[in-house]
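Structural features, examined
Chain residues, written in single-letter form:
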Amino acid sequence: MPAAITVQDVRKRFRRYRQRPTSIKERALRIRVHAEELWALKGVSVDVQEGETLGLLGPNGSGKTTLLKIIAGILRPTGGTVTTRGRIASLLALGAGFHKELTGRENIYLNASLMGLSRADTNRRFDDIVAFAEVEDFIDNQVKFYSSGMYVRLGFAVAAHVDPAILLVDEVLAVGDLAFQRKCLDKVEEFQQEGRTIVFVTHAPDQVVRVCDRAIILNQGNVVNEGNPHDVVRDFRRLMSRQDLAYGWDRGTREIEIISAEIFGRDGETKEVFFPGDELVIQLDLKANVPEVEDPVVSFAIHDDQNRFVYGTNTDWRHARIPTFDGKQRVQFLVKSLPFVDGRYYVTLGVHSRDSRHVFHLQEQRYSFDVVRGEEDPGVVWIPVECRVERL
Amino acid sequence: MQFSTKGKILAAGGEVLVRTSEPTDLHPISRFGEILGAREIISNLVRKDVKVKYKSSILGAAWSMLNPILYLAVFTLVFTKVLPNDVPHFPVYLLSGLLAWNVFSNSLSFATRSVVDNGNLVTKVYFPREALPLASIGTALVDFILQALVLGIFMLVFRYRFWGINLLLLPLACVALLAFTNALALWVSALNVRYRDTQHLVQLGLVLWFWLTPVVYPSGLLASGRLAGRSLFGISVYHLVLVNPMADIVLGFQRALYKVVTPSGSGGQPILLPVSLGWLAMVLGAVTVGSLLLLLFSWRSFFRMAGDFAEEL
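Note on numbering: residues in each chain are counted from 1, in written sequence order. Just so you know, chain letters begin at A and ligand numbers begin at 1, following the order they were written in. Only residues with pLDDT of at least 70 get local features here, since the model is predicted, and only at 80 or more are side-chain atom pairs given and counted; chain-wide, interface and lining totals rely on the full set of residues.

1. Looking at the sheet that holds strand S11 (residues 256–265) of chain A
Residue and element names in this part refer to chain A. Reading across from one edge, S11-S13-S18 is the order of the three strands in this open sheet, with antiparallel pairing throughout. Strands at the two margins of the open sheet, each flanked by one partner only, are S11 and strand S18 (328–335). Each strand of the sheet is rotated relative to its neighbour by a mean of 15°, with strand direction disregarded. Two strands qualify as a pair provided that DSSP identifies no fewer than 2 bridges between them. The secondary structure listing takes helices from DSSP runs of H or I that are at least 4 residues long and strands from runs of E that are at least 2 residues long, numbered from the N terminus. In terms of strand pairing, S11 meets strand S13 (residues 280–288) through nine bridges, oriented antiparallel. Looking across to S13, one finds that Glu-257 is bridged to Lys-287. Note on definitions: angles span 0 to 180 degrees between N-to-C directions of axes, and those axes are lines fitted to C-alpha atoms, for helices only across the stretch in contact.

2. Remarks on the interface of chain A and chain B
In this description, any two residues whose backbone-derived C-beta atoms lie within 7 Å of each other are considered to be in contact. Between chain A and chain B, the residue contacts involve 42 residues of the former and 35 residues of the latter. Every element with two or more residues in the side of chain A that touches chain B is listed here: strand S4 (79–85), strand S5 (88–92) and helix H3 (104–114) of chain A. If you tally residues by element for the side of chain A that touches chain B, the top one is S4(A), at seven residues. Of the residues that constitute the side of chain A that touches chain B, the class distribution is 14 nonpolar, 18 polar and ten charged. Examined bridge by bridge, S4(A) and strand S1 (residues 16–20) of chain B share five bridges and lie antiparallel to one another. Directly across from Val82(A), in S1(B), lies its bridge partner Arg19(B). The nonpolar class holds Ala, Val, Leu, Ile, Met, Phe, Trp, Tyr, Cys and Pro. Asp, Glu, Lys and Arg form the charged class, and all remaining residues, Gly among them, are polar.

3. Here we look at the sheet that holds strand S9 (residues 222–227) of chain A
Residues and elements named next belong to chain A. Strands sit in the order S5-S6-S7-S3-S8-S9 across an open sheet of six strands; the sheet is mixed. Looking at which strands have only one partner, the edges of the open sheet turn out to be S5 and S9. Across the sheet, the mean angle from the axis of one strand to that of its neighbour is 15°, orientation sign disregarded. With four bridges connecting them, strand S3 (residues 53–57) and strand S8 (residues 214–219) associate as parallel partners.

4. Description of the environment of Lys64(A)
Residue and element names in this part refer to chain A. With respect to the element layout, Lys-64 can be found in helix H2 (residues 64–72). Between the C-alpha atom of Lys-64 and that of Leu-185, which follows or precedes it by 121 residues, the distance is 20 Å. With near-sequence residues (within four places) excluded, Lys-64 lies in contact with Leu-56, Gly-58, Val-201 and Leu-218.

5. Description of the packing of helix H8 (residues 169–194) of chain B against helix H12 (residues 245–257) of chain B
Residue and element names in this part refer to chain B. Running from amino to carboxyl end, H8 crosses H12 at an angle of 155°, the nearest separation of the two axes being 9 Å. On the basis of their axis angle, the class for H8 and H12 is roughly antiparallel. When the axes of H8 and H12 are compared, the crossing they make is left-handed. When H8 is examined against H12, the residues Leu-169, Leu-170, Leu-172, Ala-173, Ala-176, Leu-177 and Phe-180 are found in contact with a partner set consisting of Pro-245, Ile-249, Gly-252, Phe-253, Arg-255 and Ala-256. The labels follow the angle: roughly parallel below 35 degrees, roughly antiparallel above 145, roughly perpendicular from 65 to 115, and oblique for the rest. Definitions for this section: a left-handed crossing has its near helix turned counterclockwise from the far helix by less than a right angle. A right-handed crossing has that turn clockwise.

6. Let's talk about the nonpolar core
The nonpolar core is taken to be a set of buried Ala, Val, Leu, Ile, Met, Phe, Trp, Tyr and Cys residues joined by way of C-beta atoms within 7 Å. In this scheme the burial state of a residue depends on its C-beta neighbours within 10 Å: 20 or more other such atoms mean buried, 12 or fewer mean exposed, and anything in between means partly exposed; the C-beta positions come from the backbone. In this structure, Ile71(A), Leu168(A), Ala100(B), Ala173(B) and Ile249(B) are the most contacted members of the largest nonpolar core, which totals 156 residues. Counting 24 residues, the second-largest nonpolar core is a separate cluster that includes Ile282(A), Leu284(A), Ile302(A) and Phe325(A).

7. Some thoughts on helix H4 (residues 119–133) of chain A
All names here are of chain A. Bend is the name given here to the angle between axes fitted to two runs of seven residues, the run ending at a residue and the run starting at it. The sharpest bend along H4 comes to roughly 50°, located at Arg-125. Within H4, the full set of buried residues consists of Thr-122, Ile-129, Val-130, Phe-132 and Ala-133. Taken together, the buried residues of H4 touch H3 and helix H5 (148–161). Where H4 terminates, the next one or two residues include Glu-134, which has phi positive at roughly 55°.

8. Observations regarding the confidence of the model for chain A
Residues and elements named next belong to chain A. Per-residue confidence for chain A averages 83 on the pLDDT scale, and 89% of its residues sit at or above 70. For chain A, the element scoring lowest by mean pLDDT is helix H1 (residues 24–29), at 63; S18 scores highest, at 92. A residue's pLDDT is the confidence the predictor assigns to it, expressed on a 0 to 100 scale. Predicted confidence for residues 244–248 stays below pLDDT 50, and this span has six contacts to residues more than four positions away or in other chains.

9. Focus on unusual backbone geometry
All names here are of chain A. If you check the backbone angles, Glu-134 has positive phi at about 55° while not being a glycine. Within the secondary structure, Glu-134 sits in the loop between H4 and H5. Look at Gln-220: it is not a glycine, yet its phi comes out positive at around 50°. Looking at the secondary structure, you find Gln-220 in the loop between S8 and S9.

Next comes the structure, spelled out in structure tokens:
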């Protein structure tokens, strides 16, 4: 059976003009325009079989979105060919192609027709779309009055209902609230069962492991790894931990910023290798970028190399409230005894409001440490055991 | 079970798309089929444009009718009171030409901005880009219908006798108008993506072009009166005007609807160019053929540039 998507040696060059000539006068005055060339894709080949779900991982600027746009037909490759079979629905960034002045209802029809759905078909699916997006009460309001969440929900709902053979999803799932993210993932799974082809771009490796059949990593315009999601995600973490800070999965409003963080052992020396039962300190230096923040919560989480969530806690649960945060402060979490036996563990650090609605700064799995066991500690968790021998 | 579902989904939209780096050559017939397949996109875009235009306005579509009524009032006042001319039923004369001109001028000004203004669609969804300038023409045609209504009502109220063989010119003039408008619209919409000067140039050009086209002044003046026999570079003004396709098209509309060439009792002073119906039909046929050739040319350049629209916006 032919592949649903065949990408053959696709290269894409962007010309970045220092000052792009957008008028005839400028073009005439400067016969040679200085342009920086930027190769966003440097020869990418990948096949996606029908019914397969491919996860596309990569740091920012690695060419993921460019590849998706070329598959969707929005951008033209500079070299190579892309062949697709079947209707494509693409969901790139927020609310693909909504017009702010139109109502939700009108936008559904416009957007659905852009993706190739006829008016009669849209009529039939209209109620499903509205119900899925949960915008029943606002369907006749102009979308300029929609919240960003409603906007994204409506966008996803339309794309999910145009009956595509190929669905391209670009990081949109990170925007909605948790309940909607779950709903989207359920829809994606439904699509998989129906044998549709999905290409899934994301920053969240958990989703790749959960959803995808196969994953690839793009880095600086090249495919650097390809294979089953578990292996690829592990490799991806390794890649990311080597990346410059600017590339990490950093997000948040930065009202409070994590300026540095360290993991060290009992002696206060920064280290990356621990033994089961060791003491471990996670230390964060934080800085407020606004005069003061009420009641922030600092938290950490640990994932293992299968990306399973192992443990997490925060200042609130540990009864270390910070009533007001100003200037610079240091937070230390003292893990009294490491319960891990073996493996690499990834640490996520975050500062957020008490209700977790406002994320000030989140560094997802930026830090890692290894635990190596001795010969004498088989098992999954390390349990501190004292051993006594008595003569009776 | 699973397998049969797969088959269904592939069949649901089994089109195979191949994309390469080379701007593919335009195959007008197969491309026309694709655009025909996208007619719902076009009609939805027209709907959008019309809705957005009249959103939050109380009078709504009446604004489109006010434009010709205002023209009518101003020019009737100017040409019957301030600078009296001898055109009987001046309002009918004016509106029949203005109808054609407005389609042309509105289409071009909407089309110039169409790709740029719909940047959020172009960068997010793939669809035949021609839909955008075509929708602009569609929007102008909606205005055309409203304005034709004004003229129709006017003719009925004043019992203007427009019925006759002359009306046969109307479809021909419409075809010529659409072909010519399409050719220019595709071209300016693509050009404006690269050079935003285009939209300003088009506006200026349209003003100039309007006065080069006999819409408010009677073209008969060129055949007689002061301009008769004058020439420019050895070509008589009379013929020079006919080089302008819009003059031919406007003349076609006027001849079809207004009809009067030389009003009785005017001393033989013609209002419309005194050419025979057959001759005018031939000119309009030539304009259509020429426009279709031009359309092929501008469509090809649009098609080549369209692949990079998403990048340039």
